[in-house]
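Structure assessment
As a plain string of letters, each chain reads:
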Amino acid sequence: MSSHRAVTLGLAGTGRIGTSHAEILSKLPNVATVLVADADPARARATATDLGVEFAPDLDTLFAAELDGLIIATTTASHPDLIIRAVDARIPVFCEKPVAADITGTLAVIDRTRHSRVPVQIGFQRRFDAGYRAAREAIRSGSLGRLHTLRATTLDPAPPPAEYIARSGGIFRDCGVHDFDIIRWVTGREITSVYATGANRGASFFAEAGDVDTAAVLLRLDDGTLATVSLTRYNGAGYDVRLEALGSEGNAIVGLDERAPLTSVEPDHSPSPYPPYAGFMERFRAAYADELAAFVDVATGQLDSPCTPDEALEAFYVAEACEVSRREGRAVEIAEVRR
């Protein structure tokens, strides 16, 4: 369902993802105005000029506008205050994950917003990807038979800067959380326990930040289904995000297309002539557009939030359990970290 009322949207944060969101929003037919602001006003002004959208010199000006919705694409530390400020102002909110940097902060936001009727949508764009949606339908329709194994990968071609890693929250909270969320979403099951391990064979700044550059996770779902998640910052072949859902009667594979960076060494195999995706913004461009279009429907009251802060918290609990497991070298029940 699409809104027929043209809306005015504010966007806080004009870094890489914020600028991409502003570009998508400016092209949606039912968005009349996009107003952007940033902690660096010059960057926000440049983005507004480049995209032909409106500029706000600061957040106070942004909030003073008559907004139908607010998109938050700022640094993680600012998410809780901006979500609460928007809800208190009765402005529907879309916020990139995570809700907050830790569980305590996430619970505080949920507590402050729980009794409000103002919708909050958290950005997990894989829920809007055509492949993941098809896998969800295949699993839930029963066409795969009994689901016995899921294998998920999030393999980045090159690491982000050291300063990003230091404030990222670690590979499970930053990268793996997408896999944990999508496994819950496609299966409709809860993750009950994890065993996680990691390695550092790349740049020293990962270990210096208490993080790892490569990780492997074994998950158990509440019906006994097993899932594995592989993560790395050093997949030189290219950006590789896949999900394999394997059942007793069939399988469904997400991300297995001509641009998957997989090299077969079988003698009769012909390599794909297409280059791999450069990164997540290219791979999930259509998903981001559909996600933001859905938020317009959320903001105008036509759709319930497709990913609430409570939903985001469940994936964050799994990431937290993985970090405990990696540090302590043992299996961890999700119940141990739940509050």
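Residues numbered from 1 in each chain as written. Predicted model: local features only at pLDDT ≥ 70, side-chain atom pairs only at ≥ 80, totals over all residues. Heavy atoms only, no water.

**Here we look at the pairing of strand β5 (residues 93-96)**
Stated precisely, the cut-off is as follows: Note on exposure labels: buried denotes an accessible area under 20% of the residue type's maximum, exposed denotes more than 50%, and partly exposed covers the range between, all computed with a 1.4 Å probe on protein chains only. The numbering of helices and of strands both runs from the N terminus, where a helix is a DSSP run of H or I of at least 4 residues and a strand a run of E of at least 2. We call two strands paired when DSSP finds no fewer than two bridges between them. Handedness of a crossover is defined as follows: with both strands directed away from the viewer, a clockwise route from the first strand across the helix to the second makes it right-handed.
Side chains of β5 alternate between two faces, with V93 and C95 and F94 and E96 buried alike. Where strand β4 (residues 69-72) lies against β5, three bridges are found, and the strand directions are parallel. Opposite I72, over in β5, you have C95 as the bridge partner. With helix α4 (residues 79-88) bridging β4 and its parallel neighbour β5, the resulting β-α-β unit is right-handed. Two elements, β5 and strand β6 (residues 120-123), share four bridges in a ladder whose sense is parallel. Residue pairing in the sheet places F94 in a bridge with Q121 of β6. In this fold, β5 hands off to helix α5 (residues 103-113), which returns the chain to β6; that crossover is right-handed.

**A closer look at the sheet that holds strand β3 (residues 54-55)**
The pairing of strands in a sheet happens through backbone hydrogen bonds and is either parallel or antiparallel. Read from one edge to the other, the open sheet built from six strands follows the order β3-β2-β1-β4-β5-β6, with strand pairing classed as parallel. Sheet topology places β3 and β6 at the edges, where each strand pairs with a single neighbour. As defined by bridge partners, strand β2 (residues 31-37) adjoins β3 across two bridges and the pair is classed as parallel. The residue of β3 that forms the bridge with L35 is E54.

**Remarks on the nonpolar core**
Put simply, the test is: The nonpolar core is taken to be a set of buried Ala, Val, Leu, Ile, Met, Phe, Trp, Tyr and Cys residues, with the residues joined through side-chain atoms within 4.5 Å. All domain edges in this entry derive from an automatic or database-based domain assignment. By the convention used here, residues are in contact when the closest approach between their heavy atoms is within 4.5 Å.
Counting residues in hydrophobic clusters, the biggest one holds 100 residues, and the most contacted among them are F172, F180, I183, V194 and L219. The two domains that each donate at least three residues to this core are domain 1 (7-126 + 287-308) and domain 2 (127-279 + 315-336). Discounting chain neighbours no more than four positions away, the residues touching F180 are F172, I191, L219, V229, A315, V318, A319 and C322.

**A look at the pairing of strand β9 (residues 214-221)**
Burial along β9 is one-sided: the residues A215, V217, L219 and L221 are buried and none of T214, A216, L218 and R220 is. Pairing of strand β8 (residues 191-199) with β9, which is carried by eight bridges, proceeds in the antiparallel orientation. Residue pairing in the sheet places G198 in a bridge with A215 of β9. One ladder, built from seven bridges, connects β9 with strand β10 (residues 226-232); its direction is antiparallel. Across the sheet, the residue bridging to A216 is S230, located in β10. Between β9 and the antiparallel strand that follows it, β10, lie four residues; G224 among them carries a positive phi value of about 95°.

**Remarks on the packing of aromatic side chains**
How we decide: We call Phe, Tyr and Trp rings a pair once their centres come within 6.5 Å, taking the six-membered ring for Trp, and we label the pair stacked below 30 degrees between planes, edge-to-face above 60, and tilted otherwise. Criterion for a charge above a ring: Arg CZ or Lys NZ at most 6 Å from the ring centre, at most 35 degrees from the ring normal.
Counted by the stated rule, this structure contains three aromatic pairs. In this structure, R136 packs its charged tip against the face of W185, placed 4.4 Å from the ring centre. R283 extends its terminal NZ or CZ atom over the ring of Y277, reaching a point 6.0 Å from the ring centre.

**Thoughts on the state of the cysteines**
Rules: Disulfide assignment relies on a single distance test, namely cysteine sulfur atoms paired within 2.5 Å.
As enumerated under the stated definition, the model contains zero disulfides in all. In this structure C95 is not part of a disulfide, and its nearest cysteine sulfur, from C307, lies 11 Å away. The exposure class assigned to C95 is buried, which follows from its relative accessible area of 0%. As a non-bridged cysteine, C322 has C175 as the owner of its nearest cysteine sulfur, 12 Å distant.

**Some thoughts on the UniProt feature "domain: Gfo/Idh/MocA-like oxidoreductase N-terminal" (unreviewed entry) in the chain**
The following threshold applies: UniProt positions are given in the numbering used here, feature names are shortened, and annotations may be inferred rather than shown by experiment.
Sites flagged by UniProt as "domain: Gfo/Idh/MocA-like oxidoreductase N-terminal" (unreviewed entry) map to residues 9-124. The span residues 9-124 shows a helical share of 43% and a strand share of 22%, and its end C-alpha atoms are spaced 20 Å apart.

**So, the pattern of salt bridges**
Think of it this way: side chains of opposite charge can pair up when their charged atoms draw near. We count it as follows: Each reported salt bridge corresponds to a side-chain nitrogen of Lys or Arg within 4 Å of a carboxyl oxygen of Asp or Glu.
Counting across every chain of the model gives 27 salt bridges. A salt bridge links R283 to D129, with the nearest nitrogen and oxygen atoms 2.9 Å apart. Placement of R283 in helix α10 (residues 280-283) and of D129 in the loop between β6 and α6 (130-141) is noted, with a sequence separation of 154 residues between them. Here R283 matches D129 in class, with each residue buried. One salt-bridge network, in which partners are shared between bridges, spans R127, D181, R184, E190 and E311.

**Focus: the sheet that holds β10**
Using the following cut-off: As a rule, the C-alpha atoms of each element are fitted with a line to give its axis, helices using only the stretch in contact, and angles between N-to-C directions run from 0 to 180 degrees.
Across the sheet, which stays open at both edges, the seven strands sit in the order β12-β11-β7-β10-β9-β8-β13 with mixed pairing between neighbours. Because the sheet does not close on itself, it has two edges, and the strands there are β12 (251-254) and β13 (332-333). On the sheet, α6 packs against β7 (147-155), β11 (240-247) and β12 and is oriented at approximately 165° with respect to β12. Across the sheet, helix α12 (residues 309-328) is in contact with β8, β9 and β13; its angle to β8 comes to roughly 50°.

**Digging into the environment of T19**
Mapped onto the elements, T19 comes out in helix α1 (residues 16-27). A sequence separation of 31 residues divides T19 from D50, and the C-alpha atoms of the two residues are 9.8 Å apart. In this view, T19 contacts G13, T14, T47 and L51; residues no more than four positions away in its chain are not counted.

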